[in-house]
Amino acid sequence: MKQIRLWVMVGVLGAAVVGAGVSVTRRPAPEAIPAAAVPKVRAPEAVAALGQLKPAGEVRRLAAPVSGFGGTPRIAVVLVKEGDQIRKGEPLAIFDNRPQLEAEIAEIDVQIESTAIEVQLQQREVSRYEAAAKVGAAAMVAYEEKQDELRRFQRKGVELIAKRRSLETDLADSELLSPINGVVLKIHSRVGERPGSDGVMEVGASQSMEALVEVYESDINRISIGQSVSLISENGGFKGTLEGRVERITPQVRQRKVLSTDPTGDADARVIEVDVVLTPESAKRVTQLSGLKVIARFKTP
């Protein structure tokens, strides 16, 4: 009887141990930490700055000539418009002193021709008096007087030729010629006006465009040569986005020149100028938009 009771207790204990093992193996796994609770590292924001489009080559401001009285002549004709493609040596404008110069040159030509005839006649006179003086038929004094008169005619001819050359120079200046191949960027003076300190017009030496972007001095350490840049128009001057890359970074801090339409913008901000060269495809789209304001976004590496 005792033996049977002992086996019953062993069975009960065994069942308890198995049940405990099952309860341990079935214990639920700890709950996973929500992903939202893990702090994320924010990527640095891209630098954005305001700029404007400009020709990639040099820009020349063409002035009016100075007349003989110290002033500048008025513009008689403007032969080009803003945005026109121009070639070196092409006439761009004509000044109102040109007709007067042409008339003076024509008058000088008549005087030069007349003086040349007088020189020829006087040379014959000198030759005759020279021959007569040798045989005693004429006084040596008369011969020398004829020589002096010939020299006066010759000197007059030289002076007239010098005056004509001066008038030719003025005549050439009375027509404004393009010094370069490029495009007309801005016309400052119109027909009937006397050009001032701004000159007659500005021309760009290249049809390719780039952007001059003013980056805040606090952001310049995030700009590097070759960095990709995307640009959009601030006022809808062109559609879509232009692409380019950083070509130059000016090593000088300056006061802001390109002002935003935002009235809260800081006009006294200190900036550094960054030149952005546009891709050929983007440059073709804005060839005629020099001076247009753009918003540049520098892509993070």
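About the thresholds
- Residues take numbers from 1 onward in each chain, read along the sequence in its written order.
- For this predicted model, a pLDDT threshold of at least 70 governs which residues receive local features, and a threshold of 80 or more governs which side-chain atom pairs are given and counted, while totals over whole chains, interfaces and linings are taken from all residues.
- Computation of side-chain values: all heavy atoms of the structure, hydrogens and water removed.
- Strands here mean DSSP runs of E at least two residues long; helices mean DSSP runs of H or I at least four residues long; both are numbered from the N terminus.
- Helix span, expected: 1.5 Å multiplied by one less than the number of residues in the helix.
- Contact definition: two residues touch when any of their heavy atoms are within 4.5 Å.
- Relative accessibility under 20% of the residue-type maximum defines a buried residue, over 50% an exposed one, and the middle range a partly exposed one, all with a 1.4 Å probe and only protein chains included.
- Think of a polar contact as two N or O atoms within 3.5 Å of one another; within protein, one of them needs to be a possible hydrogen donor and the other a possible acceptor, and neighboring residues in sequence only count if both atoms come from side chains.
- What counts as a salt bridge is simple: a side-chain nitrogen of Lys or Arg found within 4 Å of a carboxyl oxygen of Asp or Glu.
- Strands pair, by our definition, only if DSSP identifies at least two bridges between them.
- All axes here are fitted lines through C-alpha atoms, helices being fitted over the stretch that makes contact, and every angle between N-to-C directions spans 0 to 180 degrees.
- Roughly parallel covers angles under 35 degrees, roughly antiparallel covers those over 145, roughly perpendicular covers 65 to 115, and oblique covers all other angles.
- Take the far helix as the reference: if the near one is turned anticlockwise from it by less than a right angle, the crossing is left-handed, and if turned clockwise, right-handed.

K.L.:
Could you clarify how one ought to interpret helix 2 (residues 98-134) in this entry?
P.N.:
Since the α-helix turns once every 3.6 residues, residues separated by three or four places project in the same direction. Look at helix 2: 53 Å from first C-alpha to last across 37 residues, which is about the 54 Å you get at 1.5 Å a residue. On its buried face, helix 2 sits against strand 5 (91-95), helix 3 (140-173) and strand 6 (175-177).

K.L.:
For this particular structure, what's the right way to read the environment of D84?
P.N.:
The topology assignment puts D84 in the loop between strand 3 (75-78) and strand 4 (85-86). Using a relative accessible area of 21% as the deciding quantity, one classes D84 as partly exposed. At 2.8 Å, the side chain of D84 and the backbone nitrogen of K81 are in polar contact.

K.L.:
What is the right way to read the pattern of salt bridges from this model?
P.N.:
Two side chains that carry opposite charge are able to pair once their charged atoms sit near each other. Inspection of the entire model under this criterion finds 18 salt bridges. Linking K81 and D84 is a salt bridge whose minimum nitrogen-to-oxygen distance equals 3.8 Å. For R151, the salt bridge goes to D148, with nearest N and O atoms at 2.8 Å. Taken as a pair, R151 and D148 lie in helix 3 at a separation of three residues, close to a single helical turn. Under the relative-accessibility criterion, R151 is labelled partly exposed at 45%.

K.L.:
Mind showing me how you'd approach the side chain of N97 here?
P.N.:
Checked against the element boundaries, N97 lands in the loop between strand 5 and helix 2. With near-sequence residues (within four places) excluded, N97 lies in contact with P73 and S174.

K.L.:
What's the story with the sheet that holds strand 3 in this structure? I'm lost.
P.N.:
Backbone hydrogen bonds hold the strands of a sheet together, and the pairing may be parallel or antiparallel. Taken in spatial order, the three strands of this open sheet run 3-5-6, and their pairing is antiparallel. Every other strand in the sheet has two partners, leaving strand 3 and strand 6 as the edge strands with one partner each. Looking at each pair of strands side by side, their axes are set apart by 20° on average, direction ignored. Relative to strand 6, strand 5 runs antiparallel, the two sharing three bridges. If you follow A93 over to strand 6, its bridge partner there is L176.

K.L.:
For this particular structure, what's the right way to read the sheet that holds strand 9 (residues 209-216)?
P.N.:
Ordered in space as 1-9-12-11-10-13, the six strands form a closed barrel in which the pairing is antiparallel. Averaged over all pairs of adjacent strands, the angle between strand axes in this sheet comes to 45°, irrespective of strand direction. The pairing of strand 10 (residues 228-233) with strand 13 (residues 293-298) spans five bridges and is antiparallel. Note on strand 13: the bridge partner recorded for I232 is I295.

K.L.:
It is not clear to me how helix 3 should be interpreted in this structure. Could you clarify?
P.N.:
When the terminal C-alpha atoms of helix 3 are compared, their 50 Å separation across 34 residues agrees well with the 50 Å that a helix rising 1.5 Å per residue should span. Inspection of helix 3 places Y143, K146, L150, F153, G157, L160, L167 and L171 among the buried residues, and these make up the whole buried set. The inward-facing, buried residues of helix 3 contact helix 2 and strand 6.

K.L.:
I keep staring at the packing of helix 2 against helix 3 and nothing clicks. Help me out?
P.N.:
Each pair of packed helices can be described by the angle between their axes along with the distance between the axes. Two elements in contact, helix 2 and helix 3, have axes whose closest approach is 8 Å; the angle formed by their N-to-C orientations is 160°. Here helix 2 lies roughly antiparallel to helix 3, going by the angle between them. In this structure, the crossing between helix 2 and helix 3 has a hand that is left-handed.

K.L.:
Even after reading the chapter, I still don't get the pairing of strand 10, so can you show me in this structure?
P.N.:
Moving residue by residue along a regular strand, the side chains alternate between the two faces of the sheet. In this sheet, strand 11 (residues 242-255) lies alongside strand 10 in antiparallel orientation, the contact comprising four bridges. Residue S228 lies in a different strand from strand 11, and its bridge partner there is R245.

K.L.:
How should I be thinking about the environment of G237 in this particular structure?
P.N.:
By the element assignment, G237 lies in the loop between strand 10 and strand 11. Overall, G237 belongs to the partly exposed group, its relative accessible area being 40%. Leave out the neighbours within four places in its chain, and G237 touches L289 and L292.

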